[in-house]
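A look at the structure
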Amino acid sequence: MTENALKAKYNGGTLPIGYTIDSERHFQIDPLTAPFIAEAFRQYDEGATMTDILDYLNEKGVKNSRGLPLNYNSVQHLLKNRRYIGEYTYRDIIIPDGIPAIVSKDVFGRVQDRLSENKKAPARHKAEDDYLLTTKLFCGYCGAYLCGESGTSRTGNVHHYYKCVSVKKKRADCHKKPVKKDWIEDLVVNETMKMLSDDNVIEAIVSMLIDLQDRENTNLPMYEQQLRETETAIQNMLNAIQQGILTKSTKSRLEELENAKEDLESKISCEKLAKPRVGEEFLTFWLKRFRKLDVRQKSHRKMLIDTFINSIFLFDDKMVITFNYREGTTVIVFADLQAALAGRKVGSDLECLPAPKTKSPKGWLRFWLAQ
Ligand SMILES: [Zn+2]
């Protein structure tokens, strides 16, 4: 069996979905099921929930090795399976790229990051996945989180709400009314789409990202500066040589400088390789792609909220949305919305509220660049 393992051959056990075994006992990609696995990773990477993936795979009729429909745990297991990046394992034998890969290492890595992030999130379980604004939505009166709650009406319909935690636990003197889940989520998604349709906003985000990118990469500007200085020194030395000043020490100094130049050049190319710069044009293109999202799809709605919304403070008559970019705060007065819907114009004096403290944008810069 060890001999088989060293040749990356199948040694029995549960065969992961997406693979078949050929007559030589080698793993081969199963053309019937592998595309669904690749798609499951892609969807999770783009913000779908575990439940979305489960629904998708079951809808496509993907079964486990015993011919049974998948469950929540099998999806979780599937998304962690390193065989999908081609890693062969048998006991303590690991052969990277021992079997054909179904998922790229980039996508797989991001999926692992998201999995561990979700594991860390407090008190999160399946049902809460559906409340897209959890952890972003705060009570405007007491500052507590608003969390999801559902209730069944007399007619038997289930209604979903967001409710202030203080009200729910009767902790503080807060009287924030609960809001309907769909209403507030639609409103936030629409505001985000409105924000993204503004070219000036896109420009502002891009310039901030470029700025952050420059600040992130601290070594490169330093090496480039050193290289410029070295090149000037070499040029000065060459000028001196042309004018006939050539001693033993000029020669060794020139050699030193040339070695330093070579060294810096290789450092710079390594740095550029490790952290490729993302250009303005690409960032603009990437951001504008969000305009084409289908806001009716849950995974798309979730991606919009996760990427662009920093926080929302909700009052009974208005809300304050802070987007993930400088000066990205909008106040929405509900009476104005109603008036706009009714086609009337109502004078509004927007109350000036202090912007909520913004989190470090570095995390989502990385997220954006990774995309
Ligand atoms: Zn409250």
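To start, this report covers the structure provided alongside it. The numbers attached to residues start from 1 for each chain and follow its sequence in the written order. Local features in this predicted model are restricted to residues of pLDDT 70 or higher, and side-chain atom pairs are both shown and tallied only at a pLDDT of 80 or more, whereas totals for entire chains, interfaces and linings draw on every residue. In computing side-chain values, all of the structure's heavy atoms are included and hydrogens and water are not.

Here the focus is the pairing of strand β7 (residues 158-164). Pairing geometry for strand β6 (residues 146-152) and β7, over seven bridges, is antiparallel. Bridge pairing links Leu146 to Cys164 in β7. Linking β6 back to β7 in an antiparallel pair, the connection comprises five residues, with Gly156 at a positive phi of about 90°. Two strands pair under a simple rule: DSSP has to find at least two bridges between them. By the criteria applied, helices consist of DSSP H or I runs no shorter than four residues and strands consist of E runs no shorter than two, each listed in order from the N terminus. Relative to strand β8 (residues 179-180), β7 runs antiparallel, the two sharing two bridges. Within β8, the position partnered with Tyr162 by the bridge is Val179.

Turning our attention to the sheet that holds strand β9 (residues 309-314). Each strand in a sheet pairs with its neighbour through backbone hydrogen bonds, running either in the same direction (parallel) or in the opposite one (antiparallel). Spatially, four strands are ordered β5-β9-β10-β11 in an open sheet, and the strand pairing comes out mixed. Here the strands that pair on one side only, and so sit at the sheet edges, are β5 (137-139) and β11 (329-333). On average, each strand axis in the sheet is tilted by 20° relative to the strand beside it, whichever way the strands run. For β5 and β9, the ladder comprises three bridges, and the chain directions are parallel. Bridging from a neighbouring strand, Cys139 pairs with Leu314 of β9. Contacts are assigned to residue pairs with any non-hydrogen atoms lying within 4.5 Å of each other. Between the N-to-C directions of two axes lies an angle of 0 to 180 degrees, each axis being a line fitted to C-alpha atoms and, for a helix, fitted only over the stretch in contact. Lying on the sheet, helix α7 (residues 181-196) is in contact with β9, β10 (318-323) and β11; it crosses β10 at an angle near 45°. Strands β9 and β10 of the sheet are contacted by helix α12 (residues 298-308), whose axis makes an angle of about 90° with β9.

Let us look at the coordination of the zinc ion. The rule for donors is simple: N, O or S, within 2.8 Å of the metal, or within 3.2 Å if the metal is Na, K or Ca. Water isn't counted, so a site may look like it is missing partners. All of the protein donors around the zinc ion are Cys139 (SG), Cys142 (SG), Cys164 (SG) and Cys174 (SG); their distances to the metal are 2.2 to 2.4 Å. The coordination sphere of the zinc ion comprises four donor atoms, whose angles at the metal cover 97 to 121°; the geometry is tetrahedral. A relative accessible area of 33% means that Cys142 is categorised as partly exposed. In these descriptions, tetrahedral denotes four donors with every angle between 85 and 135 degrees, square planar four donors and octahedral six donors with opposite donors over 155 degrees apart and the rest between 65 and 115, and irregular any other case. The classification of residues rests on relative accessible area computed with a 1.4 Å probe and restricted to protein chains. Under 20% of the type maximum is buried, over 50% is exposed, and intermediate values are partly exposed.

Note on definitions: salt bridges are taken to be side-chain nitrogens of Lys or Arg within 4 Å of carboxyl oxygens of Asp or Glu. A full pass over the atoms with the stated rule returns 22 salt bridges. For the salt bridge of Glu255 with Lys251, the shortest nitrogen-to-oxygen distance reads 3.6 Å. Of the two residues, Glu255 and Lys251 are both situated in helix α10 (residues 248-274); the distance of four residues between them amounts to about one turn of the helix. In this structure, a network of salt bridges that share partners links the residues Glu39, Arg42 and Glu46.

The subject of this paragraph is a negative patch on the surface. Patches in this entry comprise residues that are over 30% relatively accessible and not in a salt bridge; like charges within 9 Å are linked, as are nonpolar side chains (Val, Leu, Ile, Met, Phe, Trp, Tyr) within 5 Å. The Shrake-Rupley method, run with a 1.4 Å probe, gives the accessible areas here. Residue values count only the displayed protein chains as cover. Charge assignment: positive for Lys and Arg, negative for Asp and Glu; neither His nor the chain ends contribute. To locate a charge, take NZ of a lysine, CZ of an arginine, CG of an aspartate or CD of a glutamate. A cluster of acidic residues, Glu231, Glu258, Glu262 and Glu265, forms a negative patch on the protein surface. Relative accessible area serves as the criterion here: at 35%, Glu231 is assigned to the partly exposed category.

What follows is about the packing of aromatic side chains. When the centres of two rings from Phe, Tyr and Trp lie within 6.5 Å, Trp using its six-membered ring, the rings pair. Their planes under 30 degrees apart give stacked, over 60 give edge-to-face, and anything left gives tilted. Summed over all chains, the structure comprises 14 aromatic pairs. Centre to centre, the rings of Tyr19 and Phe27 are 5.8 Å apart; their planes meet at 90°, and the pair counts as edge-to-face. Its relative accessible area of 4% is what places Tyr19 among the buried residues. Assessed through its relative accessible area of 6%, Phe27 is described here as buried.

Position of Thr230 relative to the elements: it lies in helix α9 (residues 219-242). Among the residues examined, Thr230 registers a relative accessible area of 10% and is labelled buried. Counting of polar contacts relies on pairs of N or O atoms within 3.5 Å, with two restrictions inside protein: one atom must be capable of donating a hydrogen and the other of accepting it, and residues adjacent in sequence are counted only when both atoms are side-chain atoms. Only 2.6 Å separates the side chain of Thr230 from the backbone oxygen of Gln226, close enough to count as a polar contact.

Worth remembering: the numbers are spatial, not functional.
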